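# Results of the structural survey
The residues making up each chain are set out below.
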Amino acid sequence: MDRLEAVKAEVADLKAQIDAIRQEKNDKTMGDVAALSVPLKDIRKPPSIKLRRTLKGHFGKVYAMHWSGDSDHLLSASQDGRLIVWNAKANVKTHAISLRSSWVMTCAFEQTKGNLVACGGLDNICSVYDISQAQQNRTMQELTGHDGYLSCCRFIDDKTLLTASGDSSCIQWDIETGEVLQSFAKHNGDVMSICMSPTDPNIFVSGSVDTTGRIWDIRTGKNVQTHIGHDADINSVHFFPDGNAFGSGSDDSTCRIFDMRCYGEVNKFGTEAVNCGITAVSFSKSGRLLFGGYDDFNIHAWDTLSAGEDHSFELPSPHDNRVSCLGVNPKGDALCTGSWDNYLKVWA
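We now turn to the structure provided with this report. (Residues numbered from 1 in each chain as written. Predicted model: local features only at pLDDT ≥ 70, side-chain atom pairs only at ≥ 80, totals over all residues. Heavy atoms only, no water.)

### Quick notes on the overall build of the protein
The cut-off we apply is this: Only runs of H or I of at least four residues qualify as helices and only runs of E of at least two qualify as strands under DSSP, and these elements are numbered from the N terminus. Radius of gyration: C-alpha atoms only; globule rule: 2.2 Å multiplied by the number of residues to the exponent 0.38. The cut-offs for exposure are 20% and 50% of the maximum accessible area for each residue type, with area from a 1.4 Å probe on protein chains only; residues under the lower value are buried, those over the upper are exposed, and the others partly exposed. It only takes one pair of heavy atoms within 4.5 Å for two residues to be counted as in contact. Residue burial considers only the protein chains on display, and all accessible areas are found by Shrake-Rupley using a 1.4 Å probe. Positive: Lys, Arg. Negative: Asp, Glu. His and the chain ends are not part of the count. The atom standing in for a charge is NZ when the residue is Lys, CZ when it is Arg, CG when it is Asp and CD when it is Glu.
Each helix and strand in the protein was counted, giving two helices and 28 strands. The C-alpha atoms of the protein give 20 Å as radius of gyration, which agrees with the globular expectation for 348 residues (20 Å, within 12%). Taken over 348 residues, the protein has a buried fraction of 52%. When contacts within the protein are restricted to residue pairs at least 6 apart in sequence, those whose partners lie at least 24 apart make up 45%. Here the protein displays about 16,100 Å² of accessible surface, and carbon together with sulfur accounts for 49% of that area. For the protein, the distance from the average site of its 34 positive side-chain charges to the average site of its 44 negative ones is 6 Å.

### Some thoughts on the state of the cysteines
Put simply, the rule reads: The criterion for a disulfide is a pair of cysteine sulfur atoms lying within 2.5 Å.
Tallying each qualifying case throughout the model produces zero disulfides. In this model C262 remains outside any disulfide bridge; the closest cysteine sulfur is found in C255, 18 Å from its own. On the accessibility criterion, C262 (48% relative accessible area) is partly exposed. In this structure C325 is a free cysteine whose sulfur lies 6.8 Å from that of C336, the closest cysteine sulfur available.

### Thoughts on the side chain of H319
Rule in force here: N or O atoms closer than or at 3.5 Å make up a polar contact, with two conditions inside protein: a donor-capable atom paired with an acceptor-capable one, and, for residues adjacent in sequence, both atoms drawn from side chains.
Looking at the secondary structure, you find H319 in the loop between strand 25 (313-314) and strand 26 (323-328). Among the polar contacts listed, one links the side chain of H319 to the side chain of T337, at a separation of 2.8 Å. Polar side-chain contacts of H319 include one of 2.9 Å to the side chain of D341. Contacts of H319, omitting those with residues within four sequence positions, involve F297, I299, T337, G338, S339, D341, Y343 and K345.

Take it as geometry only, folks, not as evidence of what the structure does.
Structure representation (structure tokens):
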């Protein structure tokens, strides 16, 4: 027993030393560092971004959305029990899929060919559909293996897929056979969000109720980095465009950026005026802006090169209920937001 206590004390001492070293190196804000190189251009105020489309078609709360790789189409999932594929540019529905379970929490669009979509929720199942086929309502594959609700899913390619669950694990699947390829289980609470690296298909990040963001290497199946800093559940994670960092949104009312190269937090965004949880985050194409969707119906844009103490701007009256999802399309010229007010809105 004495030996166990000694080991615990040693671990606590090592953690304190690591924190002390991190604090010693954390001597400047992101704004200070950015100003040292070249003068930064101010973000236009008021911004040029405006509401371009309102996508009306769901009759229940919108819980999730995901852009297609072509940047024109997007997928949405709602409590009305339907998946809808939209041509956002033309403001028309191209496909509508009726789900067996209306308790859907996530959806994903395959990025390379754009023929496959997936969704899941409280049924613990990830359902995959081929929208290029005539019978779209028939599932192409049902992936069963999680012991908890499905919180997030993302395609690695057109043959493999990742899911995150309330059972504290992530699973990589073979879509054709429906087999589990490997499981990733290091989190100590529900995994709420995952995001694939934009530069390396073998790397992904996960965010969890245990307040940590973890980097995983699919080749080894190991958790290669664990990032701490948030004081409450992490609801959303999204990779920085260069793949070296990721952003996170949490119930502690802050968004943060963690850099994999320095293995730590490099910026934090939040003000005393914003006192609600963040449900979704997404970077602009350049990475200069980090968009956050909030429980108080607002969407804030943060300058990633600022000190993080004040938002750059917020979208004017974006929704009439909780913002549940948002995403910038691959081209970087449009932002889509989804809400419990049943609508999706496209801003550009």
